[in-house]
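Observations on the model geometry
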Amino acid sequence: MPNPGATGEHTLSLSDLDKRSREIFRAIVETYLETGEPVGSRNVSRNLSVSLSPASVRNVMSDLEHLGLLHAPHTSAGRLPTEIGLRFFVDALLEVGDLTQEERRQIDVQVRASQQANSAEQVLTEASQMLSGLSMGAGVVLTHKTDMRLKHIEFVRIEPGKALAVLVSDDGSVENRVVDLPPNLPSSALVEATNYLNAQIQGRTLSEIRAGLEKVRDADQAELDQLSQKVIDAGLAVWGGESATDPGTLIVRGRSNLLTDLDAVEDLERIRLLFDDLESKKDLIHLLGLAEKGDGVRIFIGSENNLFSLSGSSLVLSPYRDASQRIVGVLGIIGPTRLNYARVIPMVDYTARLVSRILK
């Protein structure tokens, strides 16, 4: 069973529901996940394994509503699961299936085809696109920028007290960071710092370079000019603190899927706010932090977390790892709360494991 995404613990447990209540609750939630519509007692009574009158079903539905698992959108309408109800269903009653051989093959073919581009970002983009297509939600991938594998570093002075650190990755992408320089720094110090760092790179990530330099710093202190050392320290400070201002690369595919089946103007406004949050990368640091708390798929339902503007939406995500088994990002699916969780959960889990193998 996947790890829940809720920050609080609900006290309700399976023992609070008898067998009849479980079956009725399951029938209502599964019908809702399939149709998105309120479910009436007459419809439920026709689909139960035991014979129950609509009146008996209504009594149980009233009890489930009292427990906070169901609600009625209108007085005369059927019932819908609440966010607490969906969380309870996912944690206690959901039977997670497995992908078919054909689904696994389709994911393998589509994601592995992007390996030919020799670009980690292309692999992640393809994974996002594939998740969107299979789930009819939006595929989302977030990766740390610090984990780009570097090919070359160069410091270029742009004004007396500042330099541009130009970082070229193995896949050809270029990142620029502004570095504060010590007063009256000669050009020779920039050259020496550039040469020293390029000798240390060897296809390592920024985080690996930082860790390596911290280990050998004292030993190399004597052979490095003091000003050159200050340039390197300034560069490390910028790279170490980048998550505070730019947490990483966000890839989202299939946003238009979130615009289908909208029932009201407020639904459209909710999705617009979600799009705005994705554009501004709001809460991405929080998202990475949540993913790094443990292995496995995590599920965030509706407004139970202040993650993006997720009221009315759900997020199913899983971390992926690099060759050192460090979590370097997360991938998953954003969709309506009536996602097909039983299908989406193994899909996200399998894709995360596949991406981890590819990126090794």
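We now turn to the structure provided with this report. (Residues numbered from 1 in each chain as written. Predicted model: local features only at pLDDT ≥ 70, side-chain atom pairs only at ≥ 80, totals over all residues. Heavy atoms only, no water.)

1. Overview of the sheet that holds strand 7 (residues 174-180)
Spatially, the three strands line up as an open sheet ordered 5-6-7, and their pairing is antiparallel. Each of the sheet's edge strands pairs with one partner strand only, and the pair in question is strand 5 (150-159) and strand 7. Strand-to-strand, the axes of this sheet are offset by a mean angle of 20 degrees, without reference to chain direction. Relative to strand 7, strand 6 (residues 162-169) runs antiparallel, the two being bridged by seven bridges. (Pairing = 2+ DSSP bridges. Helix = DSSP H or I, 4+ residues; strand = E, 2+ residues; numbered from the N terminus. Axes fitted to C-alpha atoms, helices over the stretch in contact; angles between N-to-C directions.)

2. Overview of the side chain of Glu-103
Inspection of the secondary structure puts Glu-103 in helix 5 (residues 101-113). Using a relative accessible area of 17% as the deciding quantity, one classes Glu-103 as buried. A polar atom in the side chain of Glu-103 sits 3.0 Å from the backbone nitrogen of Thr-100. (Buried < 20%, exposed > 50% of the residue type's maximum accessible area, 1.4 Å probe, protein only. Polar contact = N/O pair within 3.5 Å; in protein donor to acceptor, adjacent residues only side chain to side chain.)

3. Re the packing of helix 1 (residues 19-35) against helix 3 (residues 54-66)
The relative placement of two packed helices comes down to the angle between their axes together with the axis-to-axis distance. Helix 3 packs onto helix 1 with a crossing angle of 85 degrees between their chain directions and a minimal axis gap of 10 Å. Looking at the two axes, helix 1 sits roughly perpendicular to helix 3. Contacts between helix 1 and helix 3 involve Arg-20, Ser-21, Ile-24, Phe-25 and Ile-28 from the first element and Val-57, Val-60, Met-61 and Leu-64 from the second. The residue inventory of the contact of helix 1 with helix 3, partitioned by class, reads seven nonpolar, one polar and one charged. (Parallel < 35°, antiparallel > 145°, perpendicular 65-115°, else oblique. Contact = heavy atoms within 4.5 Å. Nonpolar A, V, L, I, M, F, W, Y, C, P; charged D, E, K, R; others polar.)

4. Thoughts on the environment of Val-191
Its location among the elements puts Val-191 in helix 7 (residues 187-201). The class of Val-191 is partly exposed, set by a relative accessible area of 48%. For the pair Val-191 and Ser-228, spaced 37 residues apart in the sequence, the C-alpha separation amounts to 8.3 Å.

5. Details of helix 3
The terminal C-alpha atoms of helix 3 lie 18 Å apart, and with 13 residues this matches the ideal 18 Å at 1.5 Å per residue to within 8%. What helix 3 keeps buried is the set Pro-54, Val-57, Val-60, Met-61 and Leu-64. On an axial view of helix 3, the arc spanned by its buried residues comes to 120 degrees, and they lie on one face. Exposed side chains of helix 3 directed beyond 90 degrees from the buried face belong to Asn-59 and His-66. Elements in contact with the buried residues of helix 3: helix 1, helix 2 (41-46) and strand 2 (70-71). (Expected span 1.5 Å × (residues − 1). Arc of directions from axis to C-beta.)

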